[in-house]
Amino acid sequence: MDSVTRHILDLSRRGLLRGATAMAALAATRPAFAQRVAPMPVFQSDPFPLGVASGDPWPDGVVIWTRLSQDPLGDGGLPPEALELRWEVAEDEGFTRLAGRGTVLARPELNYSVRVEVTGLRPAATYHYRFIAGGVASPVGRTRTAPAVNTRPAQMRFVNAGCQHYEQGLFTAWRHVAAEPDLDFVFHYGDYIYEGPANRERSGNFPAIRSHNSPAVETLDAYRRRYALYQLDADLRAAHHAHPFLVSFDDHEVDNNWAAAVSARVGVSPADFALLKAAAFQAWYEAMPLRRAQMPNGPDIIAYRGIDWGTLASISVLDTRGFRDDQPCGDRVKPVCEEVSNPAAHVLGPAQEGWLFGRLAQAEAVWSILAQQVMMMRRDVGGADGDDQPRYDMDKWDAYPAARTRLLNHVRQARVPNLAVLTGDIHTAWAGTLRPDYDREGPAVGVEFVSTSMSSAGDGREIWAGPQRALDRNPHIAFFNGRRGYTLIEADERRMETRFRAVPYVSRPGAPLVDRARFMVEAGRPELIRLG
Ligand SMILES: [Fe+2]
């Protein structure tokens, strides 16, 4: 039987191949590294249902990504061999002025995802890219390279966003991100997927407006299908097609509130959790436009990295989950226990903290941006029952005050220029100032902007008693909003302007975009000035 006939037969038999037993048998009889390139199968449907994406721009290039599939919520529907795609990067949307082209293998080992680290591009330039498989072209993506080293662009413009629970809201805000003109990039701080089970009526405390595709995710296969479910959403795909992303992960890419080698679930052994992390990181890597430096090694991954925007901004993407000490005092919101005063406590872990401190001390750019996950500024949320005892969220930097003080003292002592910390995770928007010593409300050394969620926690409200109490108890916090949306940041060498953009509802389509607040920070003065 010739190979083309065999692959057509494979396609027609793919129903028979479903199931772990069949896949395991295939894996056992094939080399782990597929050298042989199979002829492209005859596609039964669009081979690019998950669209395209780009990410991690450098001055000379950017990562472009896609994933081939014939059955993204099922077994993928492709022969278990490497398939060769063509890729093209062009100056124009019509692909008449090509800036790069080549071929790349979509391997079954990486779920037929491909990432090309394109080089040879011009700095601070817009490009268009696409893939071609068996004569079928993918959608066209727009991307942008970083400014050249030692040059200062007049302005940068980017979005901070994350927390996109599929069941709890539509991705309307992503449609608005897609329409943002001239973005340099989108920082996605994480919670790109949620690992929980399918819910038809209620999803956590919120109405389920649509349903997950499986029980709680615990296998590589299930993680892969969960990413596919999210990426089949046209609004999310539109945002990827429009802008490059810097992606990080938070907790739900793996498991709620995990910390380094410790699952927050009761009774999960470290060995079992390592397996879960290995599956989660592989699926994350496969689904994201990441460089090969971020390829996981089993349960280990180096996701923290630096991206420079010429001499305008030094961006450090942080991993605040993978190397932290376990949440003290049993996690959750509560008064501090003795563990919180541990002077050796870590959010970043020694290696990442050392890397960050070195990077910050050497930063010569105007803005030092930390793109990270969990709230860094102090937030004493008090008690609902009226007692005056301070209470903190033990999943945030508040639970590791020694680590926060180390970082912010370093910022002060090393004269790190213009610290701006970008955060997410808590499904509400906040703005405030960062101080090494909150007990004495000492001088601020930076500002923090916390993005609300794109869809997690449903329609939301403007404000309610709990966050009002936090505003009252924390004079360094200037703003709260409880709607869905994202943060748009524009910076030049004189000022950074941040807009908290919101959608009034995510439970039905068509929500407009409204601005809830606008803040300005002047270079050299870590203070928030409200503009609107
Ligand atoms: Fe979240």
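Residues numbered from 1 in each chain as written. Predicted model: local features only at pLDDT ≥ 70, side-chain atom pairs only at ≥ 80, totals over all residues. Heavy atoms only, no water.

Q: Residue-level account of the confidence of the model for the chain, with values.
A: Per-residue confidence for the chain gives a mean pLDDT of 93; residues scoring 70 or more make up 93%. Confidence drops under a pLDDT of 50 for residues 1-29, and excluding neighbours within four residues, the segment shows 29 contacts in the predicted structure. (pLDDT = per-residue confidence, 0-100. Contact = heavy atoms within 4.5 Å.)

Q: Quick one: what's the story with the packing of helix H4 (residues 172-179) against helix H6 (residues 234-242), residue by residue and with numbers?
A: Running from N to C, H4 and H6 point in directions that differ by 20 degrees, and their axes come no closer than 7 Å. With respect to H6, the axis of H4 lies roughly parallel. Handedness of the H4/H6 crossing: left-handed. Between H4, through Thr172, Trp174, Arg175, Val177 and Ala178, and H6, the contact on the second element is made entirely by Ala234, Asp235, Leu236, Ala238, Ala239 and Ala242. Here the contact of H4 with H6 is built from residues that sort into eight nonpolar, one polar and two charged. (Axes fitted to C-alpha atoms, helices over the stretch in contact; angles between N-to-C directions. Helix = DSSP H or I, 4+ residues; strand = E, 2+ residues; numbered from the N terminus. Parallel < 35°, antiparallel > 145°, perpendicular 65-115°, else oblique. Left-handed = near helix turned anticlockwise from the far one by under 90°. Nonpolar A, V, L, I, M, F, W, Y, C, P; charged D, E, K, R; others polar.)

Q: Got a sec to walk through the coordination of the iron ion? Specific residues and values, please.
A: Taken together, Cys163 (SG), Asp191 (OD), Tyr194 (OH) and His427 (NE2) make up the full set of protein donors to the iron ion, lying 2.0 to 2.4 Å away. What the four donor atoms of the iron ion show is an angle range of 87 to 162 degrees at the metal, which sorts the shape as irregular. When the donor residues of the iron ion are listed from N- to C-terminus, their spacing reads C-x27-D-x2-Y-x232-H. Residue Asp191 shares its accessibility class with Tyr194, and that shared class is buried. (Donors = N, O, S within 2.8 Å, 3.2 Å for Na, K, Ca; no water. Tetrahedral: all angles 85-135°; square planar, octahedral: opposite > 155°, others 65-115°. Buried < 20%, exposed > 50% of the residue type's maximum accessible area, 1.4 Å probe, protein only.)

Q: Could you give an account of the pattern of salt bridges, with specific residues and numbers?
A: One pass over the full model with this rule turns up 43 salt bridges. Close ionic contact of Glu180 with Arg157 constitutes a salt bridge, the shortest N to O distance being 3.5 Å. Highlighted residues: Glu180 in the loop between H4 and strand E11 (185-188) and Arg157 in strand E10 (residues 156-161), separated in sequence by 23 residues. Neither residue differs from the other here; Glu180 and Arg157 are each classed as buried. Each member of the salt-bridge network shares a partner with another, and the members are Arg157, Glu180, Glu490, Arg495, Glu497, Arg499, Arg501, Asp515 and Arg518. (Salt bridge = Lys/Arg side-chain N within 4 Å of Asp/Glu carboxyl O.)

Q: Provide a residue-level description of helix H5 (residues 220-231), including the pertinent values.
A: Given a rise of 1.5 Å per residue, 12 residues ought to cover 16 Å, and the 17 Å separating the end C-alpha atoms of H5 matches this to within 8%. Of all 12 residues in H5, nine are buried, a share of seventy percent or more. All of the buried residues along H5 are Ala222, Tyr223, Arg224, Arg226, Tyr227, Ala228, Leu229, Tyr230 and Gln231. Contacts made by the buried residues of H5 are with strand E3 (61-67), H6 and helix H7 (270-287). (Expected span 1.5 Å × (residues − 1).)

Q: Give a detailed account of the domain arrangement of the chain, specifying residues and quantitative values.
A: Interface size is commonly expressed as the accessible surface area that is lost when the partners come together. Partitioning the chain into structural domains gives domain 1 (3-144) and domain 2 (156-530). Relative to domain 2, the C-alpha centre of domain 1 lies at a distance of 30 Å. With 33 residues of domain 1 at the interface, the matching set in domain 2 holds 33 residues. Between domain 1 and domain 2 lies a buried interface of about 2,800 Å² when both sides are counted; carbon and sulfur atoms form 52% of it. Interface area lost by domain 1 to domain 2 is led by Asp56, Leu73 and Arg142, which between them contribute 23%. The interface formed by domain 1 and domain 2 includes three salt bridges. Asp184 is the salt-bridge partner of Arg144, the closest N and O atoms lying 3.0 Å from each other. Taken together, the elements giving at least two residues each to the side of domain 1 that touches domain 2 come down to strand E2 (52-58), E3, strand E6 (113-118) and strand E9 (141-144). (Domains from an automatic or database assignment. Buried area = accessible area lost by both parts, 1.4 Å probe.)

Q: If you had to explain a negative patch on the surface to someone new, which residues and values would you point to?
A: Taken together, the side chains of Asp325, Asp326, Glu338 and Glu339 define an acidic patch exposed on the protein surface. Here Glu339 shows up in the loop between strand E17 (333-334) and helix H8 (350-362). (Patch = residues over 30% accessible without salt bridge, like charges linked within 9 Å, V, L, I, M, F, W, Y side chains within 5 Å. Areas by Shrake-Rupley, 256 points an atom, 1.4 Å probe, with all protein chains shown as cover. Lys, Arg positive; Asp, Glu negative; His and termini not counted. Charge placed at Lys NZ, Arg CZ, Asp CG, Glu CD.)

Q: Quick one: what's the story with the side chain of Asn111, residue by residue and with numbers?
A: You can see Asn111 is positioned in the loop between strand E5 (98-106) and E6. Among the residues examined, Asn111 registers a relative accessible area of 11% and is labelled buried.

Q: An account of the nonpolar core is needed here, citing residue identities and associated values.
A: As a rule of thumb, nonpolar side chains are buried together in soluble globular proteins. Among the nonpolar cores identified, the biggest contains 82 residues, and Trp174, Ile315 and Phe449 are the most heavily contacted of them. Tallying contributions element by element places H7 first for this core, with nine residues. What Ile315 contacts, discounting residues up to four positions off in sequence, is Met156, Phe185, Leu246, Arg305, Gly306, Ile307, Asp308, Trp309, Arg359, Ile369 and Ala371. Listed in part, the 36 residues of the second largest apolar core include Leu318, Val340, Ala470 and Ile477. (Core = buried A, V, L, I, M, F, W, Y, C linked by side-chain atoms within 4.5 Å.)

Q: So what's going on with the side chain of Gln70? Which residues, and what values?
A: Mapped onto the elements, Gln70 comes out in the loop between E3 and strand E4 (82-90). What makes Gln70 buried here is its relative accessible area of 8%. Within the local environment of Gln70, its side chain forms a polar contact with the backbone oxygen of Ser45, the two atoms lying 2.8 Å apart. (Polar contact = N/O pair within 3.5 Å; in protein donor to acceptor, adjacent residues only side chain to side chain.)

Q: Help me get a handle on the environment of Ala420, residues and values and all.
A: Residue position: Ala420 is located in strand E20 (residues 419-423). With a relative accessible area of 0%, Ala420 lands in the buried category. The spacing of Ala420 and Pro443 is 23 residues in sequence and 15 Å in space, taken between C-alpha atoms. Those residues in contact with Ala420, other than ones at most four positions away along the chain, are Ser368, Ile369, Leu370, Val447 and Met496.

Q: I'd like a description of the pairing of strand E18 (residues 367-371), backed by residues and values.
A: For E18, the tally of buried residues reaches five of five residues, placing the bulk of the element in the interior. Residue alternation in E18 divides its side chains into two sets, Trp367, Ile369 and Ala371 and Ser368 and Leu370, and both sets are buried. As paired strands, E18 and E20 are joined by four bridges and run parallel to one another. The partner of Ile369 across the bridge, within E20, is Ala420. (Pairing = 2+ DSSP bridges.)

Q: Can you tell me about the packing of H8 against helix H9 (residues 401-413), naming the residues and giving the values?
A: Axis separation between H8 and H9 bottoms out at 10 Å; the angle between their running directions is 20 degrees. Regarding the angle of H8 to H9, the classification is roughly parallel. Viewed along their axes, H8 and H9 form a crossing whose handedness is right-handed. Between H8, through Glu353, Leu356, Phe357, Leu360 and Ala361, and H9, the contact on the second element is made entirely by Arg406, Leu407, His410 and Val411. Classifying every residue of the contact of H8 with H9 by side-chain character gives six nonpolar, one polar and two charged.

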